[in-house]
Amino acid sequence: MRSLKGQYLAVEAVLTFGMGLIIAVGTITMFNSYQQGLLDTASDQHKAAVASEVNEKLMHLKDADSAESTLNLPEEIGGSEYTLALDDEIIIFLDGGRYSYDIRGFEDYSMEGSVEGGQVNVFKSDNEFIIGAR
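Report on the accompanying structure. (Residues numbered from 1 in each chain as written. Predicted model: local features only at pLDDT ≥ 70, side-chain atom pairs only at ≥ 80, totals over all residues. Heavy atoms only, no water.)

This part covers the overall build of the protein. Looking only at helices and strands, the protein features one helix and nine strands. For the protein, the C-alpha radius of gyration of 27 Å lies well beyond 14 Å, the compact-globule estimate for 134 residues. Counting only C-alpha atoms and orienting by the principal axes, one finds that the protein spans roughly 100 × 25 × 20 Å. Among the 134 residues that make up the protein, the fraction classed as buried is 27%. (Helix = DSSP H or I, 4+ residues; strand = E, 2+ residues; numbered from the N terminus. Rg over C-alpha atoms; globule rule 2.2 N^0.38 Å. Buried < 20%, exposed > 50% of the residue type's maximum accessible area, 1.4 Å probe, protein only.)

Laid out in structure tokens, this is it:
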């Protein structure tokens, strides 16, 4: 009878290496999924914060007959450049997506303009708001 001890050691080593590799790949995949989930959540909160800043500036200027104010918005959201637009709502265009945020209490006002992040001017004249780059 031949001894199979060497074959068992080889099979054991291959199985141990394979299981270790499976555990490593699984751990990396779980970490990447978790990290992407955190980045998505942070990006959603960042978009909402930018929209809130714009809404707050509009509310501040609402009662004036004519006014101009500067708003400092972040250059990027989640590491990507974006475009902000005013219409009947605040719209953020980011990474090919369109994200809308309601503006309540401005039904009788006309709103227009679009800008990229950074320093932004908000103009108000009678019942019209215009957002533009500085």
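On to the sheet that holds strand E8 (residues 119-125), then. Pairing is mixed across the open sheet formed by four strands, whose spatial order is E1-E8-E9-E6. In this open sheet, the two edge strands, each paired with only one partner strand, are strand E1 (66-72) and strand E6 (110-112). The sheet shows a mean angle of 15° between the axes of neighbouring strands, direction not considered. Sheet topology note: the E6/strand E9 (residues 128-133) ladder contains three bridges and is parallel. Across the sheet, Glu-112 pairs through a bridge with Ile-130, a residue of E9. (Pairing = 2+ DSSP bridges. Axes fitted to C-alpha atoms, helices over the stretch in contact; angles between N-to-C directions.)

Time to look at the nonpolar core. In this structure, Leu-58 and Leu-84 are the most contacted members of the largest nonpolar core, which totals 23 residues. For this core, the secondary-structure elements that each account for two or more residues are helix H1 (5-61), strand E3 (80-86), strand E4 (89-94), E8 and E9. When residues in this core are grouped by element, the largest group, five residues, is from H1. Ignoring any residue separated from it by four or fewer positions in sequence, one finds Leu-84 in contact with Val-50, Val-54, Leu-73, Ile-90, Ile-91, Ile-92, Gly-113, Ser-114, Val-115 and Ile-131. (Core = buried A, V, L, I, M, F, W, Y, C linked by side-chain atoms within 4.5 Å. Contact = heavy atoms within 4.5 Å.)

Sheet topology note: the E3/E4 ladder contains five bridges and is antiparallel. If you follow Thr-83 over to E4, its bridge partner there is Phe-93. Hairpin connection of E3 to E4: two residues between the antiparallel strands. Bridge count for E4 against strand E5 (residues 97-102) is six bridges, and the pairing is antiparallel. Along E5, the bridge assignment pairs Phe-93 with Arg-98.

Before going further, it helps to spend a moment on the environment of Glu-112. Its location among the elements puts Glu-112 in strand E6. With a relative accessible area of 38%, Glu-112 lands in the partly exposed category.

Bringing unusual backbone geometry into the picture now. Glycine aside, negative phi is the norm for most residues, and most peptide bonds take the trans geometry. One non-glycine residue, Asp-95, adopts positive backbone phi at about 50°. Mapped onto the elements of the fold, Asp-95 is located in the loop between E4 and E5. Notably, Asp-126 is not glycine yet its phi reads approximately 55°, a positive angle. Looking at where Asp-126 falls in the secondary structure, it is placed in the loop between E8 and E9.

Let's shift gears to the pattern of salt bridges. Scanning the entire structure with this criterion turns up three salt bridges. The residue Lys-47 makes a salt bridge to Asp-44 at a minimum N-O spacing of 3.2 Å. Here Lys-47 and its partner Asp-44 are both found in helix H1, three residues apart, which amounts to about one turn of the helix. Taking the relative accessible area as the measure of exposure, Lys-47 reaches 3% and is therefore buried. For Asp-44, a relative accessible area of 43% gives the class partly exposed. (Salt bridge = Lys/Arg side-chain N within 4 Å of Asp/Glu carboxyl O.)

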